[in-house]
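Per-entry structural report
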Amino acid sequence: MVEEENIRVVRCGGSELNFRRAVFSADSKYGGHRAFLAEGRGVSFPRVGEKELSVAFGLARRWVSALLRARVCGGSPGYPEVRLARQVGMFPPPHPIPGQFTCRYIFCVSGDFVKVYSTATEECIHILHGHRNLVTGIQLNPNNHLQLYSCSLDGTIKLWDYIDGILIKTFIVGCKLHALFTVAQAEDSVFVIVNKEKDIFQLVSVKLPKSSSQEVEAKELSIVLDYINQSPKCIAFGNEGVYVAAVRDFYLSVYFFKKKTTSRFTLSSSRNKKHAKNNFTCVACHPKEDCIASGHLDGKIRLWRNFYDEKKYTYTCLHWHHDMVMDLAFSVTGTSLLSGGRESVLVEWRDATEKNKEFLPRLGATIEHISVSPAGDLFCTSHSDNKILIIHRNLEASAVIQGLVKDRSIFTGLMIDPRTKALVLNGKPGHLQFYSVQSDKQLYNLDIMQQEYINDYGLIHIELTKAAFGCFGNWLATVEQRQEKETELELQMKLWMYSKKTQGFILNTKIHMPHEDCITALCFCNAEKSEQPTLVTASKDGYFKVWILTDDSDIYKKAVGWTCDFVGSYHKYQATNCCFSEDGSLLAVSFEEIVTIWDSEIWELKCTFCQRAGKIRHLCFGRLTCSKYLLGTTEDGILSCWNLLSCALEWSAKLNVRVMEPDPNSENIAAISQSSVGSNLFVFKPSEPRPLYIQKGISREEVQWGVFVPRDVPESFTSEAYQWLNRSQFYFLTKSQSLLTFSTKSPEEKLTPTSKQLLAEESLPTTPFYFILGKHRQQQDEKLNETLENELVQLPLTENIPAISELLHTPAHVLPSAVFLCSMFVNSLLLSKETKSAEEAPKDVDMEEEKESENSDEENDFTEKIQDTSNTDLGEDIIHQLSKSEEKELRKFRKIDYSWIAAL
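Residues numbered from 1 in each chain as written. Predicted model: local features only at pLDDT ≥ 70, side-chain atom pairs only at ≥ 80, totals over all residues. Heavy atoms only, no water.

Topic: the overall build of the protein
- Counting its secondary structure elements, the protein contains 7 helices and 58 strands.
- In the protein, which comprises 904 residues, the proportion classed as buried is 50%.
- For the protein, the exposed surface amounts to about 44900 Å²; the carbon and sulfur share of it is 51%. (Helix = DSSP H or I, 4+ residues; strand = E, 2+ residues; numbered from the N terminus. Buried < 20%, exposed > 50% of the residue type's maximum accessible area, 1.4 Å probe, protein only. Areas by Shrake-Rupley, 256 points an atom, 1.4 Å probe, with all protein chains shown as cover.)

A word on the sheet that holds strand β43 (residues 560-569)
- If you walk across this open sheet you meet the 4 strands as β40-β41-β42-β43, and the pairing is antiparallel. If you trace the sheet from one side to the other, it starts and ends with β40 (519-524) and β43, each paired once. When strand polarity is set aside, the average angle formed by the axes of neighbouring strands in this sheet is 20 degrees.
- Pairing of strand β42 (residues 543-551) with β43 involves 9 bridges; the strand directions are antiparallel. Across the sheet, the residue bridging to Ile-548 is Thr-563, located in β43. (Pairing = 2+ DSSP bridges. Axes fitted to C-alpha atoms, helices over the stretch in contact; angles between N-to-C directions.)

Some points on the packing of aromatic side chains
- Going through the model one piece at a time under the given rule, you end up with 43 aromatic pairs.
- With a centroid separation of 6.3 Å and 50 degrees between ring planes, the pair formed by Tyr-570 and Tyr-573 is classed as tilted.
- The class for Tyr-573 is partly exposed, based on a relative accessible area of 32%.
- Both rings, one in Trp-651 and one in Phe-684, keep their centres 5.9 Å apart while their planes meet at 80 degrees; by these two values the pair is edge-to-face. Highlighted residues: Trp-651 in strand β51 (residues 648-654) and Phe-684 in strand β54 (residues 678-685), separated in sequence by 33 residues. Take Trp-651 and Phe-684: they sit in the same class, and that class is buried.
- These aromatic residues form a ring-pair network of at least three members: Tyr-693, Phe-708, Phe-717, Tyr-722, Trp-724, Phe-730, Phe-732 and Phe-742.
- Here Arg-248 stacks its cationic end above the ring of Tyr-227, 4.0 Å away from the centre of that ring. (Phe/Tyr/Trp six-rings, centres within 6.5 Å; stacked < 30°, edge-to-face > 60°. Lys NZ or Arg CZ within 6 Å of the ring centre and 35° of its normal.)

Some points on the sheet that holds strand β35 (residues 441-447)
- In spatial order, the strands read β32-β33-β34-β35; together these 4 strands make up an open sheet with antiparallel pairing. A single partner strand is all that each edge strand has here, and the edge strands are β32 (415-416) and β35.
- Examined bridge by bridge, strand β33 (residues 423-426) and strand β34 (residues 431-436) share 4 bridges and lie antiparallel to one another. Bridge pairing in β34 links Val-424 to Phe-434.

Points about the nonpolar core
- Counting residues in hydrophobic clusters, the biggest one holds 20 residues, and the most contacted among them are Val-536, Phe-544, Cys-578, Phe-580, Leu-587 and Val-589.
- Only β40, β41 (534-539), β42, β44 (575-580), β45 (586-591) and β46 (594-599) provide two or more residues apiece to this core.
- Not counting residues within four places of it along the chain, the set of residues in contact with Phe-580 comprises Cys-523, Phe-524, Cys-525, Thr-534, Val-536, Leu-586, Leu-587, Ser-600, Trp-603 and Phe-621. (Core = buried A, V, L, I, M, F, W, Y, C linked by side-chain atoms within 4.5 Å. Contact = heavy atoms within 4.5 Å.)

Overview of the environment of Trp-603
- With respect to the secondary-structure elements, Trp-603 resides in the loop between β46 and β47 (604-610).
- Given the relative accessible area of 11%, Trp-603 is considered buried.
- For the pair Trp-603 and Val-546, spaced 57 residues apart in sequence, the C-alpha to C-alpha distance is 9.2 Å.
- Apart from residues no more than four positions distant in its own chain, Trp-603 is found in contact with Thr-534, Val-546, Asp-565, Phe-566, Phe-580, Leu-587 and Trp-598.

Here we look at unusual backbone geometry
- Even without glycine at this site, Tyr-227 takes up a positive phi of about 55 degrees.
- Of note, Tyr-227 is situated in strand β15 (residues 221-228).
- In the Ramachandran plot, Lys-572 falls in the positive-phi region, its phi being about 60 degrees despite a non-glycine side chain.
- Relative to the assigned elements, Lys-572 resides in the loop between β43 and β44.

Let's talk about the side chain of Gln-202
- Within the secondary structure, Gln-202 sits in strand β13 (residues 200-207).
- Among the polar contacts made by the side chain of Gln-202, one reaches the side chain of Asp-226 at a distance of 3.5 Å.
- Dropping the residues within four chain positions of it, Gln-202 is found in contact with Val-192, Ile-193, Val-194, Lys-196, Ile-223, Leu-225, Asp-226 and Ile-228. (Polar contact = N/O pair within 3.5 Å; in protein donor to acceptor, adjacent residues only side chain to side chain.)

Concerning the confidence of the model for the protein
- On average, residues of the protein score 79 in pLDDT, and 74% of them are at 70 or above.
- pLDDT under 50 marks residues 64-96. Its contacts with residues more than four places away, or in other chains, come to 95 contacts.
- Predicted confidence is poor over residues 835-845, with pLDDT under 50, and the contacts of this stretch with residues over four places away or in other chains come to 10 contacts. (pLDDT = per-residue confidence, 0-100.)

Thoughts on the pattern of salt bridges
- According to the stated counting rule, one finds 16 salt bridges in the structure shown.
- In this structure, Arg-393 engages Glu-348 in a salt bridge whose closest nitrogen and oxygen atoms are separated by 2.8 Å. You can see Arg-393 sitting in the loop between β30 (387-392) and β31 (397-402) and its partner Glu-348 sitting in strand β26 (residues 346-350), a full 45 residues away along the chain.
- The salt bridge partner of Glu-715 is Arg-711, with a shortest N-O separation of 3.7 Å.
- On the basis of relative accessible area, Glu-715 is assigned to the partly exposed category, the value being 30%.
- Bridged by salt links that share partners, the residues Glu-348, Arg-350 and Arg-393 form one connected network. (Salt bridge = Lys/Arg side-chain N within 4 Å of Asp/Glu carboxyl O.)

As for the side chain of Asn-643
- Take Asn-643: it is sitting in strand β50 (residues 638-643).
- Judged by its relative accessible area of 9%, Asn-643 falls in the buried class.
- Side-chain polar atoms of Asn-643 contact the backbone nitrogen of Ser-646, separated by 3.4 Å.
- Setting aside chain neighbours within four positions, we find Asn-643 in contact with Lys-628, Tyr-629, Ala-648 and Glu-650.

Here it is in structure tokens:
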């Protein structure tokens, strides 16, 4: 049992693989509360009096005081100490981060830690965490490819042993570091980008002092280039560190280290069509020659030469990309140039000529970063959909590391697939992604729209706006919407049935224009005793509709389909939310400021609740012992709890709730509020207005969605403040689409044992199938070895076998035929069936000899007595008795196997 644990807010690693250029390695409005009647039916309530107001304000004060007591890194006597880890990925850098990789490992930045993946198995084998702020750059140590440098906004440069995941040394620079570069020729120095003033950045050299201490101050800085771009894609070192090139806007600057001079080149910035998009976007330098490649906003690539002289420089153009060039990279030998952009095509320009180029198309998303392994046999690209692709030298994709896909916006919210316990949300355009938070991997994508996506910012695309699971994962409902003008609405709802045969969802019913206006909510009745699958949709057209599953069979085949069973409304107000009670007997539908309760058996309105504090934003029924309560939040910042048995307001609190989610495995409800300083978490039970847990400052930005994920193995927290995490784990998504959760484990501790084993057996060509069959085979081998040891047979010595001695000592040119030697050799190895094991035979012989010797001693004593008593009688007929040595020799002859004589 765990008495107390430190709970951290941690970022889920796959939510943003900030790979960038990957690194390869060599190896109080309470006065108007009243309910309205619907067509004369329902229950009305009087205006709230002073007593109710005092109770409400008292509860609100308790919430506010509890919030004020909660601290970021500590608690009060009522709240145990809580550690708040930095919200990694909460503030992603505005510019790309260069990554690194080797032939065996690939490194990518994810918030304030660095992930180490295996290029062969795609498994995460290490998480390097130690920085206190976002990591902004990683580079391999050019003098030791088993070490990795990383820099961060916390002002430190750290040196890692990435094989063992150990921090070797920390260099304290003291200012924010925005990028990192290393050059083999500068053994004791690295290059970083620092912020001089607002929007003014410098490339500086940092000398790393040699010291035996763990932390060392590195204060010796020297400026190399001034007024540069913050993006690391706009800095490149060329010709083995002879010069460094930097681009910004329409300018190219080249600094020569030996001469300590700078050459600057400018492109035309006129507004005519010919020079309208000359802006530099990226730069790469030839590793062996004096050649600089620059990418531009118009899709052109310029190759610069003779740049030692500002007047005699030349450049040639390569043009294939129709949009801006996102990144460039030379091969190790410099014979090829790689480029990528929004076309999702990797282009290889061989010998830097436009005629000789190769393509790797249909990579799925915009190529943002390109990297080349030190050995040159692998390429690596990172994409806008949070994906890393490993490519062989012959332009064949070999591995994919997919993180949580980041869509333009998350309309569907966060859902849980009841079957796989996977997190489900918007993924690629027109897709739902199923993401396993347990293994931090994407399981698969479900193509909902089944249309080709065209990457053009001028087009208005169809959006996947709503989705919901029902009937324990057997059904999935999705809503697609496209609206170019207010009067031109395209709306479509699809219902998908899970197929056990294909182990996936199959389209069952397609409904065109299920409502006349946008659908605002949909939910299934997930009661265990529900006889018929039921779906409810709410819309801005003022109606909610009930859809049921019916028989749709014909003479050709048996089938089922969905049809509308009931249409409800309330004074033509817009329907904004809907939800079923836990047992499915009640349906709650909100119409702007009014909550209506319906009987799901006969679809009759039972009662209404009015909330004058604004439109209803969330609706939620209590669960288990709190199933008699209904909770709702409003846009004006009021959280209310109604008692369904007394049809009265139980309590309310002033809280600007942006996310409210019930735990499916307990009575707990999580509510995230938004304030001027950030987002705060409250966990409570509807029966008690006092929160069970409060965490202030979980995010500095707005939290948009949240969900409880059931645990496979329940935790055993005994502290009252942490018991809400025993059965489920709470995840939430921020405005920047960073996925965070509460955890008591560090990122390294959350790695699966399989990943650890992959690191231990990295030298072996292991695959996921190895861990399925390998352990079983290993156990079989161990059992076989045990049986062989127990049944070990005493083989004759090879020196005593004539066949072997003849094979070894006879010259090869005079040996008889192989048939003759083989039969003779096999016959010489044949053993008798009575031959015992090597371990048992000597022991048995010794024991038998001891017993027989004892028996023989007794027999000898007995025979001696007989001889003494009967010598006079026997006379000459005395029988000769054998001695002990003679009896032992006789027993040995008796044990010899003479069965071979029968074969003669």
